[in-house]
There are 2 protein chains.
Amino acid sequence: MWPGLEALPWRWAGGAALALGLALLVRGRRRRRAPRREVLFFPSPVTCTAALLGEPRPAPCPCPLPHGDSPLARLLRRLLSARRSLELCLFAFSSPQLGRAVQLLHRRGVRVRLVTDADYMALSGSQVGRLRQAGIQVRHDQESGYMHHKFAIVDKKMLITGSLNWTTQAIQNNRENVLIVEDAEYVEPFLAEFERIWEEYNPANYTFFPNKKEQK
Amino acid sequence: MWPGLEALPWRWAGGAALALGLALLVRGRRRRRAPRREVLFFPSPVTCTAALLGEPRPAPCPCPLPHGDSPLARLLRRLLSARRSLELCLFAFSSPQLGRAVQLLHRRGVRVRLVTDADYMALSGSQVGRLRQAGIQVRHDQESGYMHHKFAIVDKKMLITGSLNWTTQAIQNNRENVLIVEDAEYVEPFLAEFERIWEEYNPANYTFFPNKKEQK
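Residues numbered from 1 in each chain as written. Chains lettered and ligands numbered in written order. Predicted model: local features only at pLDDT ≥ 70, side-chain atom pairs only at ≥ 80, totals over all residues. Heavy atoms only, no water.

1. Here we look at the interface of chain B and chain A
Put simply, an interface is often sized by how much accessible area is lost when its parts join up.
Logical step 1: Facing the 36 residues of chain B at the interface are 36 residues of chain A.
Logical step 2: Approximately 3,000 Å² of surface area, both sides summed, lies buried where chain B meets chain A, with 56% of it carried by carbon and sulfur atoms.
Logical step 3: Taken as a group, R37(B), R175(B) and Y186(B) account for 29% of the area that chain B buries against chain A, more than any other trio of residues on that side.
Logical step 4: On the surface where chain B and chain A come into contact, there are eight salt bridges.
Logical step 5: A salt bridge links E200(A) to R175(B); its shortest N-O distance comes to 2.5 Å.
Logical step 6: Linking chain B with chain A are 22 residue pairs in polar contact (both at pLDDT 80 or more).
Logical step 7: Residue assignment for the side of chain B that touches chain A shows that the elements contributing at least two residues are β1 (37–42), β5 (150–154), β6 (158–162), α7 (168–173), β7 (176–181) and α8 (184–200) of chain B.
Logical step 8: By residue number, the principal contributor to the side of chain B that touches chain A is α8(B), which donates eight residues. (Contact = heavy atoms within 4.5 Å. Buried area = accessible area lost by both parts, 1.4 Å probe. Salt bridge = Lys/Arg side-chain N within 4 Å of Asp/Glu carboxyl O. Polar contact = N/O pair within 3.5 Å; in protein donor to acceptor, adjacent residues only side chain to side chain. Helix = DSSP H or I, 4+ residues; strand = E, 2+ residues; numbered from the N terminus.)

Below, the structure written as structure tokens:
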């Protein structure tokens, strides 16, 4: 036998152990990725979002609008990262771009659920009717107070919340903020709040009095 | 010399080093206190907040309202923890309790600055006039869009933000959220946003055209 040959299996074993150790380290690091913490401020400059919203996949757009980054583009990108579920709890929803993003996710097989405010859902320009026609589940309040939340939860892991109603007026003209949050201390209570409201607004529980608000 | 006496200074030195080590450990732990992450959901049940807002110090109140905890009481407690500064950036501010808390902080010597929306500050019930009369600095927009933020920053370290306008309607009747946040990734951009708006709304920069919004 050549000298040193008897050590070969140990070398292989050593190499395998090193590779396994490295793989576990990388996996551990991936698991420990710091939670995303980002803030978007509005008003957002008007930019072309066609590339982001292109089907079947994003494609360049020749339109004359600027094609750079913007708070709206970043918000759309976070939403469009959904792969499994999207919970929406929105006081007002009339932005065509955000409506298109939600429809795109629905067509991709993401489970979308929308809770909204009864007084605002029927206003001209609302996206709610279109989303319902597209087959998305929508529930709304029957209360005298407003359902004033403005949040979304992506894949039960990322919370998108702030002052921004999902309207073109708010996006293009108002001073607004949106937080992107992955810390469980925020995501979990918001998920629980969504499920609580979703059950409470179940149409099976609706009351049908002519002047329901006065009779409460 | 008694046996072992020569070791005494070493024992003292050892004891002192141990005490110093413990003190540094405790200080290090204090410094590393996890950032506060809390969510408040509204509507809030009506509870008595007189004890929290008592002067010169909180005192028990004999009124018939419930005296337990509530989202409003927790929001007030976070605000009243301010010792040096309070930045307020509020679309609508008419809640008497929150107004009283802000006046209390002002009287305690906390530096309070308020940015608000021009269209809402003059509405009946607004706290803005009272806060100005009390000597608090207020600035407002001159824009066609709304100053729609609803956030406060306590001692430049704690951000309080969400969907909640500071009105009794919102507190008692609406579905609303408020996040209490100490992570620098959120607090710092909000502080920068406040300072940006504060400078932009400096009255020295006001324009005085009769139809200013059309002329912009």
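Moving on from the coordinates now.
2. Remarks on the sheet that holds β7(B)
Logical step 1: Across the sheet, seven strands lie side by side as β1-β7-β6-β5-β2-β3-β4 (chain B); this open sheet has mixed pairing. Only two strands of the sheet have a single partner each, and these edge strands are β1 and β4 (137–140) of chain B. Within this sheet the neighbouring strands show an average axis-to-axis angle of 15°, counted without direction.
Logical step 2: Where β6(B) and β7(B) come together, four bridges link them in antiparallel fashion. In the strand pairing of β7(B), T161(B) is matched with L179(B).
Logical step 3: Sitting on the sheet, helix α8 (residues 184–200) of chain A is in contact with β1 and β7 of chain B, with an inclination near 20° to β1(B).
Logical step 4: The sheet contacts of α8(B) involve β2 (85–90), β3 (111–116), β4, β5, β6 and β7 of chain B, and relative to β3(B) the element is tilted by about 70°. (Pairing = 2+ DSSP bridges. Axes fitted to C-alpha atoms, helices over the stretch in contact; angles between N-to-C directions.)

3. Side note on the packing of helix α3 (residues 71–79) of chain A against helix α4 (residues 96–107) of chain A
Residue and element names in this part refer to chain A.
Logical step 1: With their axes 10 Å apart at the nearest point, α3 and α4 run at an angle of 15° to one another. One way to sum up the angle between α3 and α4 is to call them roughly parallel. Taken as a pair, α3 and α4 cross one another with a handedness that is right-handed. Counted together, L72, L75, L76 and L79 of α3 and Q97, L98, A101 and L105 of α4 form the full contact between these two elements. (Parallel < 35°, antiparallel > 145°, perpendicular 65-115°, else oblique. Left-handed = near helix turned anticlockwise from the far one by under 90°.)

4. Re α8(A)
Residues and elements named next belong to chain A.
Logical step 1: Helix length check: α8 (17 residues) gives 24 Å between terminal C-alpha atoms against 24 Å at 1.5 Å per residue, within 8%.
Logical step 2: Three or more residues of α8 are buried, namely Y186, V187, F190, L191, E193, F194, I197 and W198. Each buried residue of α8 lies within a common arc of 160° when the element is viewed along its axis, so the set occupies one face. (Expected span 1.5 Å × (residues − 1). Buried < 20%, exposed > 50% of the residue type's maximum accessible area, 1.4 Å probe, protein only. Arc of directions from axis to C-beta.)

5. Remarks on the nonpolar core
Logical step 1: Grouped together as the largest cluster of nonpolar side chains are 38 residues, with contacts concentrated most on L86(B), L88(B), F93(B), L98(B), V102(B), I160(B) and W166(B).
Logical step 2: Setting aside residues no more than four positions away along its own chain, V102(B) makes contact with L86(B), L88(B), F93(B), V112(B), L131(B), I136(B) and W166(B). (Core = buried A, V, L, I, M, F, W, Y, C linked by side-chain atoms within 4.5 Å.)

6. Overview of the relation of the copies chain B and chain A
Logical step 1: Note on the copies: chain B fits chain A at an RMSD of 0.0 Å, the axial shift is 0.0 Å, and the rotation between them is 180°. The relationship between the two copies is best expressed as a two-fold rotation axis.
Logical step 2: By residue overlap, the copies meet face to face through one surface: 100% of the interface positions of chain B are interface positions in chain A. (Least-squares fit on C-alpha atoms with pLDDT ≥ 70 in both.)

7. Side note on unusual backbone geometry
The general pattern is negative phi for most residues beyond glycine and trans for most peptide bonds.
Logical step 1: Omega for the peptide link from F42(A) to P43(A) comes to 15°, which places this bond in the cis form.
Logical step 2: Following the sequence through the fold, P43(A) ends up in the loop between β1 (37–42) and α2 (50–53).
Logical step 3: Despite not being glycine, D155(B) has its phi angle at roughly 50°, a positive value.
Logical step 4: With respect to the helices and strands, D155(B) occurs in the loop between β5 and β6.
Logical step 5: Unlike most non-glycine residues, K156(B) shows phi in positive territory, near 60°.
Logical step 6: With respect to the helices and strands, K156(B) occurs in the loop between β5 and β6.
Logical step 7: Among the residues examined, K156(B) registers a relative accessible area of 39% and is labelled partly exposed.

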